[in-house]
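# Secondary and tertiary structure notes
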Amino acid sequence: MASYLLLIVEPPGQRATRSAEEGREVYARMGEFAGQLQARGKLLACESLATDTEGVRVQVREGRSRLIDGPFTEAKEMIGGFFLLDCESREEALRIAAECPAAQWCTVEVRRAAPCYE
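The following refers to the structure shown. (Residues numbered from 1 in each chain as written. Predicted model: local features only at pLDDT ≥ 70, side-chain atom pairs only at ≥ 80, totals over all residues. Heavy atoms only, no water.)

The next point concerns the overall build of the protein. A tally of helices and strands in the protein yields two helices and six strands. The order of α-helices and β-strands along the protein, N terminus first, is β-α-β-β-β-β-α-β. Principal-axis analysis of the C-alpha atoms places the extent of the protein at approximately 45 × 45 × 20 Å. When each of the 118 residues of the protein is scored for burial, the buried share is 28%. Put simply, of all contacts in the protein between residues at least 6 apart along the chain, 75% involve residues at least 24 apart. (Helix = DSSP H or I, 4+ residues; strand = E, 2+ residues; numbered from the N terminus. Buried < 20%, exposed > 50% of the residue type's maximum accessible area, 1.4 Å probe, protein only. Contact = heavy atoms within 4.5 Å.)

We now examine the packing of aromatic side chains. The full count for this structure, using the stated rule, is one aromatic pair. Look at Phe-33 and Phe-83: their rings are 5.2 Å apart centre to centre, the planes differ by 80 degrees, and that puts the pair in the edge-to-face class. Linking Phe-33 in helix 1 (residues 20–39) with Phe-83 in strand 5 (residues 78–87), this pair joins segments that are 50 residues apart in sequence. (Phe/Tyr/Trp six-rings, centres within 6.5 Å; stacked < 30°, edge-to-face > 60°.)

Under the defined criterion, the tally for this structure stands at five salt bridges. Its salt-bridge partner being Glu-99, residue Arg-40 comes within 2.8 Å of it at the nearest N-O pair. A residue pair is termed long-range when its members are at least 10 positions apart, and Arg-40 in the loop between helix 1 and strand 2 (43–48) and Glu-99 in helix 2 (residues 90–99) qualify at 59 residues. Under the relative-accessibility criterion, Arg-40 is labelled partly exposed at 42%. On the accessibility criterion, Glu-99 (40% relative accessible area) is partly exposed. Measuring nitrogen to oxygen at the nearest pair gives 3.1 Å for the salt bridge that ties Arg-111 to Glu-109. When its relative accessible area of 46% is taken as the criterion, Arg-111 is described as partly exposed. (Salt bridge = Lys/Arg side-chain N within 4 Å of Asp/Glu carboxyl O.)

The next point concerns the layout of surface pockets. There is about 380 Å³ of room inside the largest pocket. Around the largest pocket, the lining comprises 21 residues; the ones closest to its centre are Arg-15, Tyr-27, Met-30, Ser-48 and Gly-80. Elements supplying a minimum of two residues to the lining of the largest pocket: strand 1 (2–10), helix 1, strand 2 and strand 5. Top element by residues in the lining of the largest pocket is helix 1. It accounts for six residues. (1 Å grid on protein atoms, 1.4 Å probe; cavity = no way out; pocket = protein on both sides within 12 Å on 5 of 7 lines; lining within 4 Å. Points joined across faces, edges and corners; volume = space filled by probe spheres on them.)

Written out as structure tokens, the structure is:
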């Protein structure tokens, strides 16, 4: 077994194109997907993230910290949320990513959890 992270990668501003009702419907679909993964014993954690307008990036260089408030104009994509899964294989993680409702309006990036030296 290995842990895989499904990152929900959204185009910036996409959420603003939805009505409040459409946003709640999308959120409910993702919640149902999480429930299905939990029932299958695959879900370790999941969370939806606020838009990048609320994000802050922290950098420390030469002992000095720097805060950079969002939105991040250089960013072409925004991480909208994640699912952390326990999978038998990469192929299983890819199959689950293809089942994710967000794959219909975003990109679902699949990453295996691993030490940074690999």
